[in-house]
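Listed below are the residues making up each chain.
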Amino acid sequence: MFVNPEVPLESLPTLDELDWQPLHRNFVLRLEVRKVAQVLTVCAGVAGVQLLVAAVADLSGFSWLFPWVWIPVAAWIAIALAWPILDVPRRGYAVRDKDIAYKSGVLWQTETVVPYNRVQHAETGSGPIDRSLSLARLTVFTAGTAGGDLRIDGLGEDVAERLRVFIIDRLRGLEERAEGAAAVDGADS
């Protein structure tokens with residue numbers, strides 16, 4: 001007979017109880033390098049537009065406006081360069097026996113938990129800047145919806161590889177148990 005007892009809300013585990021692991025200390029530097037590249041691109045674009053407008057139009061009477069354009073640009077630069085310092089300490093991951101969890105976000109916080117029985121495969125990757133800073137990302141691909149995949153940037157190369165191997169070992173264990181259960185069911189028939 002099928003029984004589906006109710007679970008009291010007080011007995012549910014919370015993610016706050018997890019031992020969240022921080023990302024690699026070089027991840028802030030990696031994000032800062034990317035932000036500096038963006039800042040330089042935006043500054044070059046704003047300066048180029050200013051020069052173009054000044055050359056095409058006779059704005060000698062409005063030349064006092066040009067310095068004021070840089071005030072919002074300077075504010076954006078300050079926020080862009082400060083953001084990784086605020087963001088990275090609020091990210092973390094936790095590995096448990098049956099799942100892997102990841103949290104992120106400063107203003108909008110997200111906590112994602114992926115059970116190993118939903119995982120199709122896991123891979124690590126890194127770009128040139130990541131490799132120079134000994135960083136890697138772990139991507140865990142899940143069955144079902146595309147939005148269920150988990151990507152953790154900013155791991156140390158060794159940690160990312162160890163996590164990938166751990167997850168693959170868990171998948172093999174799940175497959176072996178499923179095959180064993182199927183064999184027992186087949187023998188019972």
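Residues numbered from 1 in each chain as written. Predicted model: local features only at pLDDT ≥ 70, side-chain atom pairs only at ≥ 80, totals over all residues. Heavy atoms only, no water.

Chemist: I'm lost on the nonpolar core in this one. Help?
Modeler: The tendency in soluble globular proteins is for nonpolar side chains to be buried side by side. Formed by 24 residues in total, the largest nonpolar core has its most connected members in Ile100, Leu138, Val140, Ile152, Leu155 and Ile167. Among the elements of the structure, α1 (27–56), β2 (99–104), β4 (119–125), β5 (135–142), β6 (150–156) and α4 (157–188) are those that each provide at least two residues to this core. Ranked by the residues each element gives to this core, the list is headed by α4, at 5 residues. Dropping the residues within four chain positions of it, Ile167 is found in contact with Ile100, Tyr116, Val119, Ala122, Leu138 and Val140. (Core = buried A, V, L, I, M, F, W, Y, C linked by side-chain atoms within 4.5 Å. Buried < 20%, exposed > 50% of the residue type's maximum accessible area, 1.4 Å probe, protein only. Helix = DSSP H or I, 4+ residues; strand = E, 2+ residues; numbered from the N terminus. Contact = heavy atoms within 4.5 Å.)

Chemist: Sorry, what's going on with the sheet that holds β4 here?
Modeler: The strands making up a sheet associate through backbone hydrogen bonding, with each pair oriented either parallel or antiparallel. Within the open sheet, the 3 strands sit side by side as β4-β5-β6. Their pairing is antiparallel. Of all the strands in the sheet, the pair left with one neighbour each is β4 and β6. Neighbour-to-neighbour, the strand axes of this sheet turn through a mean angle of 20 degrees, independent of strand direction. Relative to β6, β5 is paired through 5 bridges, and the arrangement is antiparallel. Bridged to Leu135 within β6 is Gly156. (Pairing = 2+ DSSP bridges. Axes fitted to C-alpha atoms, helices over the stretch in contact; angles between N-to-C directions.)

Chemist: How should the sheet that holds β2 be read in this particular structure?
Modeler: Strand order in the open sheet formed by 3 strands is β1-β2-β3, and the pairing between neighbours is antiparallel. A strand with exactly one partner marks an edge of an open sheet, and here the two such strands are β1 (92–95) and β3 (110–115). The mean inter-strand angle of the sheet, taken between neighbouring strand axes irrespective of direction, is 15 degrees. Relative to β2, β1 is paired through 4 bridges, and the arrangement is antiparallel. Directly across from Gly92, in β2, lies its bridge partner Lys103.

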